[in-house]
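Residue-level structural notes
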Amino acid sequence: MKTLKHTLLIGLVALLLTPLSFAQDFDKNRMNRDIKIMENILDELFKIETKSTSTSSNTRGAVRVREVTGSGFISANLFGARSNQVEGNYIPEYGIIFKIPYLLSRNITSVSVIKDSDQPSISFYYDSDDNSGDNQVTEEAVMTRITNFFKDYAPTIGQLGDDEQVTIVYGKRKENEPQLRIFKRSGDSPENEEVKQVPVIKVSAKANDLASLKSGRLSSDDFENRLSISKEGIEEKEQLDLKVMSNILETVLSGSQNEMFEISGKPEYLVLDNFGVLFSMNVRHTRTSARGSIVFHEEEVRNEIRASGVKELDVLSPEEAEEKRAEQAEQAKASFEQLKTDVTDYLIDYGRTLSSVSSDQHILLTINILSNRWGDEIPSRLDLQLKKSVLERLERGDINKDEAINAVTITEY
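What follows deals with the side chain of Asp 383. Secondary-structure assignment places Asp 383 in strand S18 (residues 381–387). Given a relative accessible area of 9%, Asp 383 falls into the buried group. Within polar-contact distance, the side chain of Asp 383 engages the side chain of Arg 381 at 3.0 Å. In this structure, Asp 383 is in contact with Asn 89, Tyr 90, Leu 365, Thr 366, Thr 409, Ile 410, Thr 411 and Tyr 413, ignoring residues within four places of it in sequence.

Put into structure tokens, the structure is as follows:
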């Protein structure tokens, strides 16, 4: 069953990621589609096993763990956390970077451990169709899955330049990542305990090596030897300028007067070796009013409901509903344009404070739009990219602010 599942995944990729014609223009929608497919594949490869388990009257669900020292279990509140998913970004001139959280499960927001012994040993397992016991989450298993992803799936990604690469960062901490809390059966106060069995791992493959592997010019073993691998130390050191910039972005966007979009969670940052720094954040759509609407085709029914004194809802005809939606869509477009203007200004005004980014490196900002109700009318993601040298020229007076703004590369997906 496990082999069949693997084969089906490869077949899906082969079907969807057919070779591109040698078009001169970069197809951002095709790249975005490729990334989404790869996110889903990595999600499947690294998803941990979850089971619904009754543990106590105030616990809504659980993560199943097969091995805990003493008698105990891991319990988790199930709220469908968005933060625990694979995230992929294409960065021009750099390539694609995928971030895989340590606990990859859309269901986990907080985790607790109840134990009898003083030193609990907790083991997670990958979601699997068999019970062979070889799918425990270990450093070796993580490396095997990453390597297999590079061999089986990554070569099918199109449009990468020869100097670009595909990078996977596994286990990078997030501000809102699930935290393990240890409870004693005696009912004492919980003790915070780090349960981190696998180090943060970063693996990169060059695009030309992926192409050579796909064409057969490079053997599987030679390809493995060319992978760039580093462990630990990927979690950013407390670089003050990066942390301050992250706090600035959170502060200015939290205080923004934007009518329809607001920041959700804390901005994160990731240093890209010899390239620059990537800031990423989520922005969610907010309703300008809690007032909803209900649609009826029959005018007689509409009049009757209106006459009953309903105040919480607008009672509309189909034509009125479409007109209302079109009006809200225009408001959303205007709010999105304002958001784009605001973040560009913030990048120009505060990006110069990033002392750890050198002149020839890039400052990148990715904004994911959550709860997008407007389909293709509003993008799902906004990428901004600017070379640090532009800000240095602005500071010297060589260019004005408008020229610096025009130097910001903005891509919408």
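Counting 42 residues, the largest nonpolar core has Phe 46, Phe 98, Val 142, Ile 146, Phe 149, Phe 150 and Tyr 170 as its most contacted members. At the level of secondary structure, the elements contributing two or more residues to this core comprise helix H2 (28–46), strand S5 (95–100), helix H3 (139–152), strand S8 (165–170), strand S11 (201–206) and helix H4 (207–215). Counting residues per element, this core draws most heavily on H2, at 8 residues. Sequence-distant contacts of Phe 98, that is, excluding residues within four places in its chain, are made with Ile 35, Met 38, Glu 39, Leu 42, Val 86, Glu 87, Gly 88, Phe 149, Val 166, Thr 167, Ile 168 and Val 169. Residues Met 245, Val 252, Leu 384 and Ala 404 belong to the second largest nonpolar core, which totals 37 residues.

Read from one edge to the other, the open sheet built from 5 strands follows the order S4-S5-S8-S11-S12, with strand pairing classed as mixed. At either margin of the open sheet sits one strand with a lone partner, and together these are strand S4 (87–91) and strand S12 (228–231). Taken pair by pair, the neighbouring strands of this sheet meet at an average axis angle of 15°, ignoring direction.

Attention now goes to the packing of H2 against H3. Following both chains from N to C, one finds H2 and H3 inclined at 150°, their axes separated by 11 Å at the closest point. In this view, H2 runs roughly antiparallel relative to H3, as classed from their interaxial angle. Considering only the axes of H2 and H3, their crossing is right-handed. On H3, the residues touching Met 38, Ile 41, Leu 42, Leu 45 and Phe 46 of H2 are Val 142, Arg 145, Ile 146 and Phe 149. In terms of residue class, the contact of H2 with H3 is made up of 8 nonpolar, no polar and 1 charged.

Once that is clear, we can look at the pairing of strand S17 (residues 362–370). Counting buried positions over the 9 residues of S17 gives 9, a clear majority of the element. Of the two faces of S17, the one lined by His 362, Leu 364, Thr 366, Asn 368 and Leu 370 and the one lined by Ile 363, Leu 365, Ile 367 and Ile 369 are each fully buried. Where strand S14 (residues 276–285) lies against S17, 9 bridges are found, and the strand directions are parallel. When the bridges of S17 are listed, Val 277 appears paired with Ile 363. Here 7 bridges tie S17 to S18, and the two strands are oriented antiparallel to one another. Paired with Asn 368 across the bridge in S18 is Arg 381.

We now examine the packing of helix H6 (residues 240–254) against helix H8 (residues 318–350). Two numbers describe how H6 lies on H8: the axes approach to 11 Å, and their chain directions differ by 145°. Once H6 is placed against H8, the crossing between them reads as right-handed. For the pair formed by H6 and H8, the contact residues are Met 245, Ile 248, Val 252 and Leu 253 on the first element and Leu 339, Val 343, Tyr 346, Leu 347 and Tyr 350 on the second. Its residues assigned to classes, the contact of H6 with H8 comprises 9 nonpolar, no polar and no charged.

With that settled, the discussion passes to the environment of Leu 160. As for its placement among the helices and strands, Leu 160 is situated in the loop between H3 and S8. By relative accessible area, Leu 160 is classed as buried at 18%. Residues Leu 160 and Ala 211, 51 residues apart in the sequence, show an inter-C-alpha distance of 9.6 Å. Residues within four places of Leu 160 in sequence aside, it is in contact with Met 31, Tyr 90, Gly 95, Ile 96, Val 166 and Ala 207.

Turning next to the environment of Glu 299. By the element assignment, Glu 299 lies in helix H7 (residues 299–307). Owing to a relative accessible area of 53%, Glu 299 belongs among the exposed residues under this scheme. Taking C-alpha positions, Glu 299 is 9.1 Å from Leu 316, a pair spaced 17 residues apart along the chain.

Let us look at the confidence of the model for the protein chain. Across the protein chain, the average pLDDT comes to 76, with 67% of residues at or above 70. Taken as a whole, residues 14–23 scores under 50 in pLDDT and shows 13 contacts with residues more than four places along the chain or in a different chain. Overall, residues 51–83 carries pLDDT values under 50, and its contacts beyond four positions in sequence, including any with other chains, amount to 86 contacts.

Thresholds, definitions, all that
Throughout, residues of each chain are indexed from 1 in the direction in which the sequence is written. Reporting of local features is limited, given that this is a predicted model, to residues whose pLDDT is at least 70; pairs of side-chain atoms are given and counted only at 80 or more, and all residues count toward the totals for whole chains, interfaces and linings. Side-chain figures throughout are based on the complete set of non-hydrogen atoms in the structure, without hydrogens or water. Think of it this way: any DSSP run of H or I at least four residues long counts as a helix, any run of E at least two long counts as a strand, and we number them from the N terminus. Residue exposure (1.4 Å probe, protein chains only): buried if accessible area is under 20% of the type maximum, exposed if over 50%, otherwise partly exposed. Contacts described as polar in this section are N or O atom pairs within 3.5 Å, which, within protein, must combine one atom able to donate a hydrogen with one able to accept it, while residues neighboring in sequence count only if both atoms come from side chains. It only takes one pair of heavy atoms within 4.5 Å for two residues to be counted as in contact. Definition of nonpolar core: a set of buried residues of the types Ala, Val, Leu, Ile, Met, Phe, Trp, Tyr and Cys, connected through side-chain atoms within 4.5 Å. Between any two strands, at least two bridges found by DSSP are needed for them to pair. Under this scheme, a helix contributes an axis fitted over its contacting stretch, all axes are lines through C-alpha atoms, and angles between N-to-C directions fall in the 0 to 180 degree range. The labels follow the angle: roughly parallel below 35 degrees, roughly antiparallel above 145, roughly perpendicular from 65 to 115, and oblique for the rest. Each helix crossing is assigned a hand: it is left-handed if the near helix lies turned anticlockwise from the far helix by less than a right angle, otherwise right-handed if that turn is clockwise. For this classification, the nonpolar set comprises Ala, Val, Leu, Ile, Met, Phe, Trp, Tyr, Cys and Pro, the charged set comprises Asp, Glu, Lys and Arg, and every other residue, Gly included, is treated as polar. Predictor confidence is given residue by residue as pLDDT, running from a minimum of 0 to a maximum of 100.

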